[in-house]
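Architecture at a glance
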Amino acid sequence: MRETVKLISMEGFEFIIDREAAMVSQTIRSMLTSPGGFSESKDGVVTFPDISTTILEKICQYFYWSLQYSRGKETEFHIEPELTLELMMAANYLHT
Amino acid sequence: MTMLRSREIPSVSGKPRSKGHSSDTIQPSSPAPKQGPATSTTPRRRSPRLESLYEKEVSIPVSREIKSNVGERVLSLRSGKKVAKFSGSGSRELDVEVESEGKKVCLSDDDDSIERSGSKRKRVLVEDTNVASKELDNSRVIVDEEKGKTVVAHVSVDQTRDKGKGIVEDLGQANDLESRRKYTREEKGKGIQVEDTTSVVVQEMEMEMEMEMEMEMDNSMNIENPPVTDSSVNATNTQIQNGNGSRSQHFRDFAEKNASRFARFDVETDDEEDELSSDLEVEQQVEDWPGPFSTAMKIIKDREEDSTTILHSGVPFSSHLERSSPIVWAPRRRSDTTFSPPRAAPSLQELSMQVLVKNADAITSLDYVPDPLRVKLCQLLCDSRRMNLHFLHLLVRGSPTAICVPDCSWLTEEHFTECFNNCDTTNLMVLQLDQCGRCMPDYVLPSTLARSPKNLPMLSSLSLSGACRLSDVGLRALVSAAPAIRSINLSQCSLLTSSSIDMLSDSLGSVLRELYLNECQSIDLKLILTALKKFEKLEVLSLVDLPSVRGRLLREFVTARGQALKQLILTNSVKLTDSSIKDISENCPNLSVLDLANVCKLTDCALGYLANGCHSLEKLIFCRNSFSDEAVAAFVETSGGSLVELSLNNVKKVGHNTALALAKFSEKLQILDVSWCRDMSDDALGYIVDSCSSLKVLKVFGCTQITDAFIRGHSNPNVKILGLKMDPFLDRLADN
């Protein structure tokens, strides 16, 4: 699958997003493009056993917001306070 | 030529100033005609050339406009230091204190000594001529009095040091009128010997204040010839002495009023004199080395010569800026009008941290948050003054490995005790409690951090900067609980004395790698020298703002422990000279970080030493050092390949030579600071930025000369330019 990738959360939820959006995360980018013949790069599927669904959903929303921002449309990205701590740690892990 | 003090000095304005030596007849009177009769007391001839010059004399008090014509004289009021002692009318010995750091040049009527000193001067003067003809650049002439700047201490030192050496570059470029200014009358008088090798009797001034006339070498040398006999000298001496009682008082009053404006003068100490004399030898040596630095210097200077000879033909000087820069840089041509890279969206981590900082009180636990994030959060909280006890409790909970609070000024003693009473510090590796002066007196430590001898077994990095209530006793208690400290920051702990360092060397002598003693006022380097030498593995030594840092002491330390030294921070150690740099370069081959900001006495020789000795320098900080463009360029050529960060802040003379060298030889350079270097043109900066592919940050504060041609025309997408006018930069500082 060249156009989209699938991100799977801790609970098994699958998020299918554009490849370009997923590449905002440096970690995912290197997973998908690494030359080692890993399953992630072949299938385009990445599993995150440490990241919960709500957080992963928020992260996907961030990917799209980030693409929009760099295209010129600068809006605000709202984060619910109760998610922030986990979100910060996930973002740190994903290098995004 | 005798000095006449027999006339009132009328106030004058519009005194032109020029570089070069002046004769020692500083006639503090105005128009030439008047001088004829006035000087009738001495049978002195004045050459017609001098007459014309005297038209533009200045007297005290001065408020002059300066014109930048060569050939006009400049008057400068010396600093309040007394230059000459009058030793009685009958004596033939004139003691003259040359106006540099306390060096005394004894001039007797002895032909010998005068010849000797005269010949020394001769060489300097000859050099000056060469330089002067090259130098006069922009028409900015500096008026001492007007700006209250003092005449030079460090520059005059350069002069005296340059005697007999081919080092002309100190007298270097652009704004070097200062280098011209500090010749005492006596020195200039001696200079007369260039033309006339008969002995010149230098008349000293009996007052604190002297007026000095600087004249273009070409003009001055022939003049002032009058071979004055000893008797006439004495006669005038007597006359001056007798006639000038009230005048001396007047001058004294004036000096008292104005001396404070010339605030800068060096304390004369034996150490300095020793260092000066060793500097002289040292400088001689650098020039003799056929090393890569000297070769590079020569090539660059020759290149300069060639490019400027054309301009110079027939013109005694040329403006430095007018010289066409050899750098040809074409700004990138863009079809689109506005150049703005697509704004990168802020990272999710940043965004979430910002929200967290705003709602820090709602955080209930920091479990599983990795240390770097904790540290970053804490930093942001301290910056926005939101750091509080609640968060500190969160940090301290469990068995933390790092507690970094960059600002503990909000923390009280009681709360500190409460927090750290039961803190489990068995795994604590990094403890940073900066600005903890309020909360850390000695008596809280035994119940908290130092409550048992092995309370901090894994602590390797301890920072207590700003612990102004911590004394030797408290530190001893703390260090006894932490035997494995490898890095200790005791900056601004003003109560600590040398016994603390002794204690540190006893308990941590074999493990300590980094020692920061910035601004510890009660610590004298002389007293801690033995202790410092006991640290076997010391890699980082930071001695910012310690007035006791002296060349001799530093030499002792680096000869003992220089091999392991990797970082040496010597900001504001104003007493250091080139010989210290020589010692450092000879003994510290592994030095990678060297900070010499505000070490103003350094000259180009220092760069030579560094180039020859320290080959792995990665971070080099200069600020307000007076290096010449050629020297910096030569340095970059020879050892700039390893540089990652270079600061030439206020190294005013850097220009296109340095730019060329940087562009060609510094592939690894990431951070470059050329703030206040006004000779860096758009072309030069553009060339640097486009050629240094690793460059990430360029600081150009105060560089009013750069224009949009550079700002928008450079083609390096990664570089961040800080310091442009009206640019907000505070948010970017955090990134560095």
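Anything mentioned here points back to the structure above.
Every value quoted in this text rests on a predicted model; they were computed, and no experiment measured them.

**Looking at the overall build of chain B**
If you tally the helices and strands in chain B, you get 27 helices and 20 strands. When the 736 residues of chain B are sorted by exposure, 58% land in the buried category. The long-range fraction of contacts in chain B, counting pairs at least 24 apart against all pairs at least 6 apart in sequence, stands at 81%. Element-wise, carbon and sulfur atoms account for 52% of the exposed surface of chain B, whose accessible area totals about 28600 Å².

**Focus on the nonpolar core**
Within the largest apolar cluster, 139 residues are counted, with the highest numbers of intra-cluster contacts made by B:Leu392, B:Val405 and B:Leu433. Counting 32 residues, the second largest nonpolar core, distinct from the first, contains A:Val5, A:Ile28, A:Cys60 and B:Leu351.

**Side note on helix 4 (residues 53-70) of chain A**
For an α-helix the count is 3.6 residues per turn, leaving residues at separations of three or four pointing the same way. Residue and element names in this part refer to chain A. The terminal C-alpha atoms of helix 4 lie 26 Å apart, and with 18 residues this matches the ideal 26 Å at 1.5 Å per residue to within 8%. Buried residues of helix 4: Thr53, Ile55, Leu56, Lys58, Ile59, Cys60, Tyr62, Phe63, Trp65, Ser66, Leu67 and Tyr69, and no others. Gly72 sits one or two positions beyond helix 4 and adopts a positive phi of about 120°.

**Focus: the packing of aromatic side chains**
All names here are of chain A. Scanning all chains against the criterion turns up six aromatic pairs over all chains. Taking 5.6 Å as the distance between ring centres and 75° as the angle between the ring planes, the aromatic pair formed by Tyr62 and Phe77 counts as edge-to-face. One end of the pair, Tyr62, is in helix 4; the other, Phe77, is in the loop between helix 4 and helix 5 (81-94), and 15 residues separate them in sequence. With respect to burial, Tyr62 and Phe77 carry one shared label: buried. Every member of this aromatic cluster is reached through a ring pair, and the members are Tyr62, Trp65, Tyr69 and Phe77.

**Observations regarding the interface of chain A and chain B**
With 18 residues of chain A at the contact, the number on the chain B side is 23 residues. Where chain A meets chain B, there are zero salt bridges. Our enumeration of links across chain A and chain B arrives at four residue pairs in polar contact (both at pLDDT 80 or more). It is helix 5 of chain A that contributes the most residues to the side of chain A that touches chain B, eight residues altogether. A per-class count over the side of chain A that touches chain B returns 12 nonpolar, five polar and one charged.

**A word on the pattern of salt bridges**
All names here are of chain A. All chains considered together, the criterion is met by 13 salt bridges over all chains. Across the pair Lys6 and Glu14 runs a salt bridge, and its minimum N-O distance is 3.3 Å. Look at Glu14 and you get partly exposed, because its relative accessible area is 47%.

**Quick look at the packing of helix 23 (residues 629-639) of chain B against helix 24 (residues 656-665) of chain B**
All names here are of chain B. Packing of helix 23 against helix 24 leaves a shortest axis separation of 7 Å and a crossing angle of 10°. In terms of their interaxial angle, helix 23 and helix 24 are classed as roughly parallel. Judged by residue contacts, Asp629, Glu630, Val632, Ala633, Val636 and Glu637 of helix 23 engage His656, Asn657, Thr658, Ala661, Leu662 and Phe665 from helix 24. Here the residues of the contact of helix 23 with helix 24 are counted per class, giving six nonpolar, three polar and three charged.

**Some details on the packing of helix 4 of chain A against helix 5 of chain A**
Residues and elements named next belong to chain A. Following both chains from N to C, one finds helix 4 and helix 5 inclined at 65°, their axes separated by 10 Å at the closest point. In the crossing of helix 4 with helix 5, the sense of the turn from one axis to the other is right-handed. Between helix 4 and helix 5, the contacting residues are Thr54, Ile55, Lys58 and Ile59 on the first element and Leu83, Glu86, Leu87, Ala90 and Leu94 on the second. Grouping the constituent residues of the contact of helix 4 with helix 5 by class yields six nonpolar, one polar and two charged.

**A look at the environment of B:Thr364**
All names here are of chain B. Along the polypeptide, Thr364 turns up in the loop between helix 13 (348-358) and helix 14 (371-383). According to the relative accessible area criterion, Thr364 is exposed, its value standing at 64%. For the pair Thr364 and His390, spaced 26 residues apart in sequence, the C-alpha to C-alpha distance is 9.2 Å.

Cut-offs and rules
- Residues numbered from 1 in each chain as written.
- Chains lettered and ligands numbered in written order.
- Predicted model: local features only at pLDDT ≥ 70, side-chain atom pairs only at ≥ 80, totals over all residues.
- Heavy atoms only, no water.
- Helix = DSSP H or I, 4+ residues; strand = E, 2+ residues; numbered from the N terminus.
- Buried < 20%, exposed > 50% of the residue type's maximum accessible area, 1.4 Å probe, protein only.
- Contact = heavy atoms within 4.5 Å.
- Areas by Shrake-Rupley, 256 points an atom, 1.4 Å probe, with all protein chains shown as cover.
- Core = buried A, V, L, I, M, F, W, Y, C linked by side-chain atoms within 4.5 Å.
- Expected span 1.5 Å × (residues − 1).
- Phe/Tyr/Trp six-rings, centres within 6.5 Å; stacked < 30°, edge-to-face > 60°.
- Salt bridge = Lys/Arg side-chain N within 4 Å of Asp/Glu carboxyl O.
- Polar contact = N/O pair within 3.5 Å; in protein donor to acceptor, adjacent residues only side chain to side chain.
- Nonpolar A, V, L, I, M, F, W, Y, C, P; charged D, E, K, R; others polar.
- Axes fitted to C-alpha atoms, helices over the stretch in contact; angles between N-to-C directions.
- Parallel < 35°, antiparallel > 145°, perpendicular 65-115°, else oblique.
- Left-handed = near helix turned anticlockwise from the far one by under 90°.

All we've got here are geometric facts, nothing functional implied.
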